[in-house]
Amino acid sequence: MATTWNTSNLVPDDTGSKSANSIPWYLWCSVLAVTSVSIGAHWDVSWHRSIGRDTFWTPAHIAIYACGVLAAISCGYLVLFTTFRKPASMVASSVEIFGFRAPLGAFIASWGGIAMLTSAPFDNWWHNAYGLDVKIVSPPHTLLMLGVFAVSVGTLIMLLGSMNRAEQAGNAMLARHLQWMLLYIGGLMVVFQMFFRMEYTWDVYLHGASAYEAIAIGMPTLFAVLWQSSRSRWACTWATLIYTVFLEAAVLILPLFPAEPKLGPVFQQVTHFIPPKFPILLIVPAIAMDLLWNSTRTWKPWLTALASGPVFVLSLVAVEWPFADFLMTKAAANRFFGTTYFGYPEPPTSFDVLRRFVDPQHGATLWNGLALAMLFAFLSTWLGIALGRWMRAIQR
């Protein structure tokens, strides 16, 4: 952290915070919103695999859409308060868009909240029109996830602006607290990114290049943004540690609650909530990227990205490939690794129930796919470095 002390920049927050050392309520509210949707999304998938889609008003759906409500209310209030009350401290840390004033992240997060709430009736209509249970990647779900992404990015930008202003003002303690909140949101963004890729990274797909291609598109961008903007030497490691703990907690906690199918056909006997799959070992490439970027600070961005692509993909394959072999064995058939849980609609002949890989790849086919994944990782990292450097200077 910088040690410059400039009290002229230490401005109080007029929206309810008691002192310049406290974190504003709207940041806590935004962090709570992202936490709520992260829990609700995995709970909802578990609900679909354990009970089926019986009604729109499930607790899991409420947790998801609470994110939209919290973001729309807190950031919408922030926009209106800054625009019409015009407190000097808030105006100084805001931007103007279409005549309204607020921090840039508040505009993005409030749009995300509105998009999430708009997707709710669309999703309900889609389920009624095309079936009670549909895939994760569908038009209403895509709109919902764009909204979640906007709320997450908006929260990240608001935290960065507050952290940068606190650091510039010499308030090291507040900046440190905001940095931890930022890394926490970064970890939940890893959870969200992997949630959207769930249908491509199921453990039975981990002996094919497509799973690694799906991860290489975008995940290195998030890593680079967090590393560049947070000023933490171990930003990627912390974010993926939060992702790993979050997923493993879901694996251990969800089966503690009873559930039974309400839709058919029922191929598997289900008596409790079915948890997600064991987390992908992203923490290994995260450590590798932290180490690489800590030792290449003086490199040009394109050269850093060029080295990062192979490091990211090959370190992930090196650990995930043999680990996927382990997940297919009886040694992994326990509560910790969770490979014995199957949703009620899964037929006994499915690859998941049989614990067999889907179309395992070898030789030139595999390496061509991994080469494409490395290209994706290179381009994703380059984009992430550019975005992270821009976000590092955000003040408003």
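Residues numbered from 1 in each chain as written. Predicted model: local features only at pLDDT ≥ 70, side-chain atom pairs only at ≥ 80, totals over all residues. Heavy atoms only, no water.

Caption draft 1: The overall build of the chain, seen in detail. Regarding its fold elements, the chain presents 13 helices and 2 strands. For 396 residues, the compact-globule formula gives about 21 Å, and the C-alpha radius of gyration of the chain, at 22 Å, lands near that figure. The dimensions of the chain, computed from C-alpha atoms along their principal axes, are 70 × 50 × 35 Å. By the burial criterion, 56% of the 396 residues in the chain qualify as buried. Counting contacts in the chain only where the partners sit at least 6 residues apart, residues at least 24 apart contribute 77% of the total. Of the accessible surface of the chain, which amounts to about 17,300 Å², a share of 70% is contributed by carbon and sulfur atoms. Across the chain, the mean location of the 23 positive side-chain charges is 11 Å away from that of the 19 negative side-chain charges. (Helix = DSSP H or I, 4+ residues; strand = E, 2+ residues; numbered from the N terminus. Rg over C-alpha atoms; globule rule 2.2 N^0.38 Å. Buried < 20%, exposed > 50% of the residue type's maximum accessible area, 1.4 Å probe, protein only. Contact = heavy atoms within 4.5 Å. Areas by Shrake-Rupley, 256 points an atom, 1.4 Å probe, with all protein chains shown as cover. Lys, Arg positive; Asp, Glu negative; His and termini not counted. Charge placed at Lys NZ, Arg CZ, Asp CG, Glu CD.)

Caption draft 2: Spatial organisation of helix α4 (residues 104-130). For α4, which comprises 27 residues, the first-to-last C-alpha distance of 38 Å matches the rise-based estimate of 39 Å (1.5 Å per residue) to within 8%. Maximal helix bending in α4 amounts to about 30 degrees, located at A120; proline P121 follows within four positions. (Expected span 1.5 Å × (residues − 1). Bend = angle between axes of the 7 residues up to and from the residue.)

Caption draft 3: How the structure looks around the packing of helix α6 (residues 172-196) against helix α8 (residues 219-230). Contact pair α6 / α8: the axes reach a minimum separation of 11 Å and the direction vectors enclose 175 degrees. Overall, the two elements α6 and α8 adopt an arrangement that is roughly antiparallel. Across the interface between the two elements, Q179, L182, L183, G186, M189, V190, Q193 and M194 from α6 touch M219, L222, F223, L226 and S230 from α8. Of the residues that constitute the contact of α6 with α8, the class distribution is 9 nonpolar, 4 polar and no charged. (Axes fitted to C-alpha atoms, helices over the stretch in contact; angles between N-to-C directions. Parallel < 35°, antiparallel > 145°, perpendicular 65-115°, else oblique. Nonpolar A, V, L, I, M, F, W, Y, C, P; charged D, E, K, R; others polar.)

Caption draft 4: Structural context of the pattern of salt bridges. As enumerated under the stated definition, the model contains 7 salt bridges in all. As a salt-bridge pair, E96 and R101 come within 3.2 Å of each other at their nearest N and O atoms. Residue classification places E96 among the exposed positions, given a relative accessible area of 52%. K277 is the salt-bridge partner of D352, the closest N and O atoms lying 2.8 Å from each other. Of the two residues, D352 is situated in helix α12 (residues 351-354) and K277 in the loop between α9 (235-253) and α10 (283-295); the sequence distance between them amounts to 75 residues. Look at K277 and you get buried, because its relative accessible area is 13%. Each member of the salt-bridge network shares a partner with another, and the members are D203, K277, D352 and R355. (Salt bridge = Lys/Arg side-chain N within 4 Å of Asp/Glu carboxyl O.)

Caption draft 5: The nonpolar core, seen in detail. Among the nonpolar cores identified, the biggest contains 95 residues, and L178, V190, M219, F223, L282 and V313 are the most heavily contacted of them. Looking at this core, the element that brings in the most residues is α6, giving 14 residues. Once residues lying within four places of it in the same chain are set aside, the contact partners of V190 are M219, L222, F223, A239, Y243 and L282. Counting residues in hydrophobic clusters, the runner-up holds 6 residues, among them W47, A250, L254 and A259. (Core = buried A, V, L, I, M, F, W, Y, C linked by side-chain atoms within 4.5 Å.)

Caption draft 6: Highlighting the side chain of T35. Along the polypeptide, T35 turns up in helix α1 (residues 25-50). Relative accessible area serves as the criterion here: at 17%, T35 is assigned to the buried category. Those residues in contact with T35 that lie beyond four places of it in its chain are Y184 and L188.

Caption draft 7: Molecular detail of the environment of L27. Topologically, L27 is positioned in helix α1. What makes L27 buried here is its relative accessible area of 0%. Distance in space between the C-alpha atoms of L27 and I62 is 21 Å, their sequence separation being 35 residues. Not counting residues up to four positions away in its chain, the partners in contact with L27 are M158, L159, S162, L178 and M181.

Caption draft 8: Broad picture of a positive patch on the surface. Residues R233, R297, R389 and R392 make up a contiguous surface patch of positive charge. You can see R233 is positioned in the loop between α8 and α9. The exposure class assigned to R233 is partly exposed, which follows from its relative accessible area of 44%. (Patch = residues over 30% accessible without salt bridge, like charges linked within 9 Å, V, L, I, M, F, W, Y side chains within 5 Å.)

Caption draft 9: Highlighting the confidence of the model for the chain. With 93% of its residues at a pLDDT of at least 70, the chain reaches an overall mean of 88. With pLDDT under 50 throughout, residues 1-12 is counted as low confidence; its partners more than four residues away or in other chains account for 22 contacts. (pLDDT = per-residue confidence, 0-100.)

Caption draft 10: Here's a closer look at the packing of aromatic side chains. Tallied over the full model, the rule gives 16 aromatic pairs. A centroid spacing of 5.5 Å and a plane angle of 55 degrees characterise the contact between W25 and Y77, whose relative ring orientation is tilted. Separated by 52 residues along the polypeptide, W25 in helix α1 and Y77 in helix α2 (residues 59-85) bring together distant segments of the chain. Classification of W25 as partly exposed rests on a relative accessible area of 31%. Each member of the aromatic cluster is reached from another via a ring pair, and the members are F278, F323, F326, F336 and F337. (Phe/Tyr/Trp six-rings, centres within 6.5 Å; stacked < 30°, edge-to-face > 60°.)

Caption draft 11: Representation of a nonpolar patch on the surface in the model. On the surface, a cluster of nonpolar side chains totalling about 730 Å² of accessible area is made up of W299, W302, L303, L306, L372, L375, L379 and W382. Counting only elements with at least two residues in the nonpolar patch, the list comes to α11 (301-327) and α13 (363-392). The dominant element in the nonpolar patch, judged by the number of residues it contributes, is α13, at 4 residues. Taking relative accessible area as the criterion, W299 reaches 35% and is therefore assigned partly exposed.

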